[in-house]
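Listed below, chain by chain, are the residues.
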Amino acid sequence: MYFDKNEFLNDFEYLLRTEGTDAEHADTRTLYNALSKAVMAKVFCDWEKSGRRATRRCGYFSAEFLVGRAIFSNLLNLGILQDIREVLAVRGIDINRFEEVEDAALGNGGLGRLAACFLESAATQNIPLDGYGLRYRYGLFRQTFEDGCQKELADDWLKWGDPWSVRKEEERVRVDFADFSVYAVPYDTPVIGYKSGVINTLRLWQSEPIHPFDFDKFDAMRGEEIARENFNATEITAVLYPNDNTEEGKILRLRQQYFLVSASLQSILRKQKEGGRYATNLCERVVLQLNDTHPVLAVPELIRLLEKDGIPFETAFEICRKIFRFTNHTIMGEALEKWRGETVKSILPEIWTVIGKIQARLEKEGLDKEKYYIVKDGTVHMANLAVYVCGAVNGVAQIHTEILKRDVFKDWHAWDENKIANVTNGITPRRWFLLNNPKMAAEITARIGQGWETDLPELKKLAAYIDDPVFRERFVSIKRENKRRLADHIRDHEGVDIPEHFIFDVQVKRLHEYKRQLLNALSVLYIYNELKSGNLPDFKPTAFIFGAKAAPGYYLAKAIIKFINGIAELVNNDETVTDKLRVAFIRNYNVSYAEKIVCAADVSEQISMAGMEASGTGNMKFMLNGTVTLGTLDGANVEICEEAGKENNYIFGATVDEVATVKKSYDPKKILEKNPKLKKAVESLIDGTFEGGRDELKAVYDSLLSGADADKYLVLYDFEDYILTKLYLNAEYGSETFTTKCLVNMTNAGKFSADRSVKEYAEHIWNI
Ligand code: 26Q
């Protein structure tokens, strides 16, 4: 891309004038839009070229793309971040003003953020990967607290404008439901590779009415019909479902899923048809990755569309096997999608018919009906549909893939032992290191040269510097600076003061019982009690930082938030511990907050019950930024230990095998009897320690101790090992040993680049 500072300044100021303002007077929103549009004008040419280049492309179908803030990352990847900073400074504008611009939060958590990292990595490596998703009017809710309880606010992300997308009116398609039809209008966003000149596309579909305004109906005074059509249409992409790893079988969600896949497939087929012989062409030119079960209706929809063009079912089925690939992101029963057959039949009758044919084909294979089914007892099992039809299935970390083979998809694995593969997740080192930790990046480049940014295993060369006192000093002092910046932000936004010499112990991720924020919370209470009793004289001052959104309908998750906020209030207002302990529950944790946090953390808490966290990707971001993991042998933590050494992290708790054994005869009450200090922490839930939230806290208590499934995630079982490990870490903190552990982690984070993941997909799964 050709870039000239003066020319750019002209373009920028011209765009400001079209808004009736200038650099001196424009508000942040106007500056942001003008700047972004001026950059867009620069990339159109490369974007166009990239689209035409490849003969075979992959479409990444996903209900979520958690892209976060676009502006800094785009400028970085175009190689003009510094230039633009200077251009703006000429006009007295500090580029950091754009930190006000809100994130595009069109995703819930791990799965959506992974999709965003993959798109960036693919563009960086000249891999033709395009995203297909939904343009939700409102993204993931913004979170505030009232009396320590989570309250959800609408995420009106479009109020900042959407200068990075282009509406493609002429490429709209119609999507038909049994009861009404809508238009799907695509908005294309450029996905800019890091200094690669490659620009792929993220295409997000927006639903709109077929007749925006019908004068005949208006004249006939049928206003209600007009209103209904408008409502039906706009409702489909109105809002992102805020569930993460839990299933909610709402009809509107089924409509969203069908809308996404029907629109995407129609637009892909339309492009293919322009070339003739399209059905055979299709398998050569297109491969489609289904991000979990959410877009799996693409399978029957493609068959439906092909049959309409006169292609026989069996041929269409074989095409699907060549085209579709499926990634599973969770082993939790609650998150495996199922739809009632009646529901599918009533709103998508043709899809229901095709699903029936697929089920019949499966039955003809002569397999055991108890084990192999897509429709059973009137319910459609989306994961089974995906595994049966797709040409490849993958898990997202070694241990997760093993569990899929042994457990979740055991029978399917026996049926075809080549179908299930592993591709360990990754993160983009551009957003998660270059952008959020530029000083550290510069120190690294000064020692090992450039190139590691797109070839992360190069970081191994840092091994030669781990014992270099100058490098160590730079590492420690940059981390200190990052901590100071985060502390300022937390003080301004949350009103909690965290001195920078405290240990920053961080757990940020969605709130879920299996992720065990409750285990962390109980340990904080335990430490608090111990400090008050004078039992931990050498405890090094620690700030426990939490960030998590709970699904709005997830009662226990919200109760745990309330609990942690209660602990924060108790601890932060107790003068006898202020020099030792702070607790902050940050509000509205999101991608941009994460960027500030991962470069400032001293401890990364990854403490899910073994076997539950498919991979985790936050764990990788912390590791790359030189943070030790306090965690269980779960998900990608296992591979982090393989790369950096278990001895360089703080690993505790039951392993997957131990979990299975313990669960056979587990009695959480016995644990409390043996550990009176833990008992005291647990009983604070019901003994009046906290004002308010009595019912919620009682429910948390009961989840640990009542019923057949009491403490199903072994919080109490793992507590002792956890607290010992945490205190051991506390004792090592600040030592040379500890700094070495941080550096060994950073040095060995190379495997966790999404560049590696995407290359594995391209080579082994997509054949690109
Ligand atoms: C399903 C049905 C109805 C409504 C919602 C859902 C739903 C929505 C989101 C089910 C699951 C999700 C999200 C799952 C997810 O984010 N999984 C995470 O994926 C990451 C990327 O692979 C992993 O690193 C995490 O371990 C995994 O939890």
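Look up a bit, the structure's there.
In what follows, the accompanying structure is described. (Residues numbered from 1 in each chain as written. Predicted model: local features only at pLDDT ≥ 70, side-chain atom pairs only at ≥ 80, totals over all residues. Heavy atoms only, no water.)

### Digging into the overall build of the protein chain
- When helices and strands are tallied, the protein chain shows 31 helices and 23 strands.
- For 768 residues, the compact-globule estimate of 2.2 N^0.38 gives 27 Å, and the protein chain sits close to it at 27 Å.
- Considering the protein chain as a whole, with its 768 residues, one finds that 62% of them fall into the buried category.
- Surface summary for the protein chain: the accessible area is close to 29800 Å², and the carbon and sulfur share equals 49%.
- Counting 100 positive and 115 negative side-chain charges, the protein chain places the averaged centre of each group 2 Å from the other. (Helix = DSSP H or I, 4+ residues; strand = E, 2+ residues; numbered from the N terminus. Rg over C-alpha atoms; globule rule 2.2 N^0.38 Å. Buried < 20%, exposed > 50% of the residue type's maximum accessible area, 1.4 Å probe, protein only. Areas by Shrake-Rupley, 256 points an atom, 1.4 Å probe, with all protein chains shown as cover. Lys, Arg positive; Asp, Glu negative; His and termini not counted. Charge placed at Lys NZ, Arg CZ, Asp CG, Glu CD.)

### Thoughts on the site of the ligand
- Neighbouring residues of the ligand: 22 residues in total, closest Leu111, His329, Asn425, Glu613 and Gly616.
- Between asparagine 245 and the ligand, the recorded distance is 3.0 Å, taken from a side-chain N or O atom to an oxygen atom.
- Note that an oxygen atom of the ligand is positioned 2.7 Å from one of the side-chain N or O atoms of glutamate 613.
- When the ligand sits alone it has 610 Å² of accessible area, and the protein chains cover 98% of it.
- Across the shell around the ligand, the residue classes break down as 5 nonpolar, 10 polar and 7 charged. (Near = heavy atom within 4 Å. Polar contact = N/O pair within 3.5 Å; in protein donor to acceptor, adjacent residues only side chain to side chain. Nonpolar A, V, L, I, M, F, W, Y, C, P; charged D, E, K, R; others polar.)

### A closer look at the pairing of strand 12 (residues 324-327)
- Where burial is concerned, the two faces of strand 12 agree: the one with Phe324 and Phe326 and the one with Arg325 and Thr327 are both buried.
- Where strand 12 and strand 16 (residues 392-395) come together, 3 bridges link them in parallel fashion. Looking at strand 16, one finds that phenylalanine 326 is bridged to valine 393. (Pairing = 2+ DSSP bridges.)

### Here's the deal with the environment of tyrosine 713
- Checked against the element boundaries, tyrosine 713 lands in the loop between helix 28 (694-705) and helix 29 (715-732).
- Separated by 103 residues in sequence, tyrosine 713 and alanine 610 have C-alpha atoms that sit 8.9 Å apart.
- Residues contacting tyrosine 713, with those up to four places away along its chain left out, are Met332, Glu334, Glu513, Tyr514, Arg516, Met609 and Met612. (Contact = heavy atoms within 4.5 Å.)

### Examining the pattern of salt bridges
- Enumeration according to the criterion identifies 55 salt bridges in this entry.
- A salt bridge links arginine 430 to glutamate 120; the shortest N-O distance between them is 2.8 Å. Pair noted here: arginine 430 is in helix 17 (residues 430-435) and glutamate 120 is in helix 5 (residues 110-124), with a separation of 310 residues, a long-range link. One exposure class covers both arginine 430 and glutamate 120, and it is buried. (Salt bridge = Lys/Arg side-chain N within 4 Å of Asp/Glu carboxyl O.)

### Some remarks on helix 2 (residues 28-53)
- Relative to the 38 Å expected for 26 residues at 1.5 Å per residue, helix 2 spans 37 Å between its end C-alpha atoms, a close match to the ideal helical length.
- Of all the bends in helix 2, the greatest, near 45 degrees, is centred on valine 43. (Expected span 1.5 Å × (residues − 1). Bend = angle between axes of the 7 residues up to and from the residue.)

### A word on the side chain of arginine 135
- Within the secondary structure layout, arginine 135 lies in the loop between strand 4 (129-134) and strand 5 (142-146).
- Of note is the side chain of arginine 135, whose polar atom sits 2.6 Å from the side chain of glutamine 206.
- Aside from chain neighbours lying at most four places away, what touches arginine 135 is Trp157, Leu158, Asp162, Ser165, Tyr187, Leu204, Trp205, Gln206 and Thr237.

### Thoughts on a nonpolar patch on the surface
- Taken together, the side chains of Phe213, Phe215 and Phe218 present a nonpolar region at the surface, about 340 Å² in accessible area.
- Mapped onto the elements of the fold, phenylalanine 213 is located in the loop between strand 10 (199-208) and helix 6 (215-219). (Patch = residues over 30% accessible without salt bridge, like charges linked within 9 Å, V, L, I, M, F, W, Y side chains within 5 Å.)

### Observations regarding unusual backbone geometry
- Backbone geometry at lysine 195 places phi at a positive 45 degrees, although glycine is not the residue there.
- Here lysine 195 lies in the loop between strand 9 (181-192) and strand 10.
- For lysine 195, a relative accessible area of 55% translates into the label exposed.
- Notably, aspartate 292 is not glycine yet its phi reads approximately 65 degrees, a positive angle.
- Of the residues examined, aspartate 292 reaches a relative accessible area of 3% and is grouped as buried.

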